[in-house]
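This is what each chain is made of:
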Amino acid sequence: MTESASRLGAGRYLAAGERPASAVTTVHELTTSDGASVRGVLTTVPGARTVVCLMHPRQDVTHHPLVPLLLGAGAAVWTQHTRSVNNDLTLVHEQALLDVAAGLVFLREREFDSIVLLGHSGGGTLYAFYLEQAALAPGARIATTPGGRPTRLADATMPLADGVVFLAPHPGQGQLLLACIDPSVADESAPLSVVPELDPFDPDNGFAEPPASSAYKEEFLQRYRAAQRDRVARIDAVARHHLARAAEARAAFKAGGRAADRRRSLAPRIITVFRTDADPRTVDLSLDPSERPYGSLFGKRPDLINYGQAGFGRLTTPEAWLSTWSGISSNADFVRCAPGVTVPTLFIELTGDQAAFPADSRRMIAALGAADLSTAVVRGLHFGGPIAEGEPTGNELAAAEITNWLGERFELARR
């Protein structure tokens, strides 16, 4: 493990303000229990006995806007990468849990009085999954990934945290994609192929030219949601086929030692998933209404963005598809994991969220197992921006809720 003072380059989030002048930042290279290398950044302020941890399965949160706000409140802050940061082609959520564990082992060794997890967006389900598994006896933890590989979770030291904050968590990468994958793709090898009666951007099905809100009929939505699940199931079958062929090749190599079989076992199979920005709720604002603006996380024109390069789960290995992006197969499902989350919990909903909608938040809150459960609703967009110009940001409003909640349960340094 090495450490040094560092100023890292900007990640997905930009800082909302200056860090306290007294803050000290060190970078740490950690080795996970299965031998992977991950990086974390620890920033402390004098007297800090509580450390707040931020992670996301895919994104770099080193410069998350909450970092300076938490430091100013008297907490230390730990931001950490997974092994798949900024490149989720091979993201396996069960491996990401080992990354989380490495960070918590390190922080326990630093002898902080309290460790509090803070999961924003996809970080929420990552931490819910971790807390569920960490609370189990090692032998009761998930033994294999959805693709059939050993997880090694039973062999890992997985410290429990003392509390958790969920900020605008969505239901999980797979559930998110299940809601926004375009089921009208007629041919998985043809990005422009369309089944007209399932096309969400066809006026005959209720679509209106933006910025007007679309108006889908319930009958269409029922067919649409069922077809989304059917498409994910078909991709699941493709992923499992690829994994079965690779397993056959490994077995053949083990039996015969032929280089050709070894090559077959190593040859990558990359799944391309076209058109993954097609959640009807992003263009029909009457569906599960909220203060969200028209459009998706990717922009104001899902009808165009859906056909471009941006989108969730667009390139993935079969193992990563099943573990992370399949809303049918993935274990990283917030509602599935939530009953196992029993530490003190704060759940913050953002009123203009374009990834976690009000009905999603209600289901997630209802599933949480914590006896000490607090909820808050603040005005803001999914990544914590303001809804209207001149307003406080969602991150600033959320920070006030978080620091009040922390101060009632954990020791914060005097400011």
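Note that the structure is predicted; figures quoted are calculated from it, not measured.

A.B. asks: Can you walk me through the overall build of the chain in this structure?
C.D. replies: Summing up its helical and strand segments, the chain has 11 helices and 11 strands in all. A compact globule built from 415 residues would reach a C-alpha radius of gyration of about 22 Å, and the chain, at 22 Å, matches this within 12%. Projecting the C-alpha coordinates of the chain onto the three principal axes gives extents of approximately 65 × 60 × 40 Å. Burial status across the chain gives 55% buried among its 415 residues. Carbon and sulfur atoms form 53% of the exposed surface of the chain, whose accessible area is close to 17,200 Å². In the chain, which carries 40 positive and 46 negative side-chain charges, the distance between the mean positions of the two groups comes to 7 Å.

A.B. asks: So what exactly am I meant to see when it comes to the packing of helix α5 (residues 218–256) against helix α8 (residues 318–325) here?
C.D. replies: Between two packed helices, both the angle of their axes relative to each other and the distance between the axes serve to describe the pair. As a packed pair, α5 and α8 sit with axes 8 Å apart at the nearest point and diverge in direction by 140°. Compared by their axis directions, α5 and α8 come out oblique. Relative to α8, α5 is oriented so that their crossing is left-handed. Here V232, I235, D236, A239, R240, H242 and L243 of α5 come into contact with α8, specifically with P318, E319, W321 and L322. Split by residue class, the contact of α5 with α8 holds seven nonpolar, one polar and three charged.

A.B. asks: Is there a simple way to think about the pairing of strand β2 (residues 24–31) in this case?
C.D. replies: Taken residue by residue, a regular strand's side chains alternate between the two faces of the sheet. Inspection of the sheet shows β2 paired to strand β3 (residues 37–44) by eight bridges, in the antiparallel sense. Residue pairing for β3: T31 is matched across the bridge by S37. Adjacent in sequence and paired antiparallel, β2 and β3 are bridged by five residues, among which G35 carries a positive phi angle near 90°.

A.B. asks: Help me out: how do you make sense of the packing of α5 against helix α6 (residues 259–266) in this one?
C.D. replies: Between α5 and α6, the shortest axis-to-axis distance is 8 Å and the interhelical angle comes to 155°. In this view, α5 runs roughly antiparallel relative to α6, as classed from their interaxial angle. Here α5 runs over α6; the crossing is left-handed. Facing α5, whose interface residues are R245, A246, A249, R250, A252 and F253, α6 presents D261, R262, R264 and S265. Class assignment of the residues belonging to the contact of α5 with α6 gives a composition of four nonpolar, one polar and five charged.

A.B. asks: What should I look at first to understand the environment of I115 in this one?
C.D. replies: Take I115: it is sitting in strand β6 (residues 114–120). Residue classification places I115 among the buried positions, given a relative accessible area of 0%. Once the C-alpha coordinates of I115 and V378 are considered, the two residues, 263 residues apart in sequence, prove to be 24 Å apart. Aside from chain neighbours lying at most four places away, what touches I115 is V51, C53, L104, L107, R108, A161, D162 and G163.

A.B. asks: Got a minute to help me understand α5 in this structure?
C.D. replies: Side chains of residues three or four places apart in an α-helix project in the same direction, reflecting 3.6 residues per turn. For α5, which comprises 39 residues, the first-to-last C-alpha distance of 57 Å matches the rise-based estimate of 57 Å (1.5 Å per residue) to within 8%. Looking at the packing, one finds that the buried side of α5 touches α4 (173–180), α6, β8 (271–272) and α8. The positive-phi residue at the C-terminal boundary of α5 is G257, with phi of around 70°.

A.B. asks: How should the packing of aromatic side chains be read in this particular structure?
C.D. replies: Centre-to-centre distance and the angle between the planes together describe a pair of aromatic rings. Within the structure shown, the criterion is met by nine aromatic pairs. Here the aromatic rings of F298 and F312 are separated by 5.0 Å at their centres, their planes lie at 65°, and the arrangement is edge-to-face. A residue pair is termed long-range when its members are at least 10 positions apart, and F298 in the loop between β8 and α7 (302–305) and F312 in the loop between α7 and β9 (315–316) qualify at 14 residues. Site record: aromatic cluster; members linked through ring pairs are F166, F334 and F347. Here the guanidinium or amino end of R262 rests over the ring plane of F253, the centre of that ring lying 5.7 Å away.

A.B. asks: Looking at this structure, I do not really get the pattern of salt bridges. What am I missing?
C.D. replies: Between side chains of opposite charge, a pair can form as their charged atoms come close. Overall, the coordinates contain 23 salt bridges when judged by the stated rule. Of the charged contacts, one joins E391 and R379 as a salt bridge, the two residues approaching to 2.9 Å between their closest N and O atoms. Pair noted here: E391 is in the loop between β11 (373–381) and α11 (394–409) and R379 is in strand β11, with a separation of 12 residues, a long-range link. Judged by relative accessible area, E391 falls into the partly exposed class, the value being 25%.

A.B. asks: I'm lost on unusual backbone geometry in this one. Help?
C.D. replies: Excluding glycine, residues mostly carry a negative phi; peptide bonds, for their part, are mostly trans. Residues P210 and P211 are joined by a peptide bond in cis, for which omega reads 15°. The phi torsion at S121 lies on the positive side, around 60°, for a residue other than glycine. Residue S121 is classed as buried on the basis of its relative accessible area of 5%. Phi is positive for D288, which is not a glycine, with a value near 45°. Summarising the element assignment, D288 is placed in the loop between β8 and α7.

A.B. asks: How do you make sense of the side chain of D199 when you look at a structure like this?
C.D. replies: Secondary-structure assignment places D199 in the loop between α4 and α5. This buried residue, D199, is left without a salt bridge; R275 holds the nearest opposite charge, at 5.9 Å. At 2.9 Å, the side chain of D199 and the backbone nitrogen of F201 are in polar contact. Excluding residues that lie within four positions of it along the chain, D199 makes contacts with S184, V194, N205 and F220.

A.B. asks: How do you make sense of the state of the cysteines when you look at a structure like this?
C.D. replies: In a disulfide, the sulfur atoms of two cysteines are covalently bonded to one another. All chains considered together, the criterion is met by zero disulfides. Free of any disulfide, C53 has its nearest neighbouring cysteine sulfur in C337, separated by 18 Å. The exposure class of C53 is buried, given its relative accessible area of 0%.

The rules behind these values
Residues numbered from 1 in each chain as written. Predicted model: local features only at pLDDT ≥ 70, side-chain atom pairs only at ≥ 80, totals over all residues. Heavy atoms only, no water. Helix = DSSP H or I, 4+ residues; strand = E, 2+ residues; numbered from the N terminus. Rg over C-alpha atoms; globule rule 2.2 N^0.38 Å. Buried < 20%, exposed > 50% of the residue type's maximum accessible area, 1.4 Å probe, protein only. Areas by Shrake-Rupley, 256 points an atom, 1.4 Å probe, with all protein chains shown as cover. Lys, Arg positive; Asp, Glu negative; His and termini not counted. Charge placed at Lys NZ, Arg CZ, Asp CG, Glu CD. Axes fitted to C-alpha atoms, helices over the stretch in contact; angles between N-to-C directions. Parallel < 35°, antiparallel > 145°, perpendicular 65-115°, else oblique. Left-handed = near helix turned anticlockwise from the far one by under 90°. Contact = heavy atoms within 4.5 Å. Nonpolar A, V, L, I, M, F, W, Y, C, P; charged D, E, K, R; others polar. Pairing = 2+ DSSP bridges. Expected span 1.5 Å × (residues − 1). Phe/Tyr/Trp six-rings, centres within 6.5 Å; stacked < 30°, edge-to-face > 60°. Lys NZ or Arg CZ within 6 Å of the ring centre and 35° of its normal. Salt bridge = Lys/Arg side-chain N within 4 Å of Asp/Glu carboxyl O. Polar contact = N/O pair within 3.5 Å; in protein donor to acceptor, adjacent residues only side chain to side chain. Disulfide = S-S within 2.5 Å.

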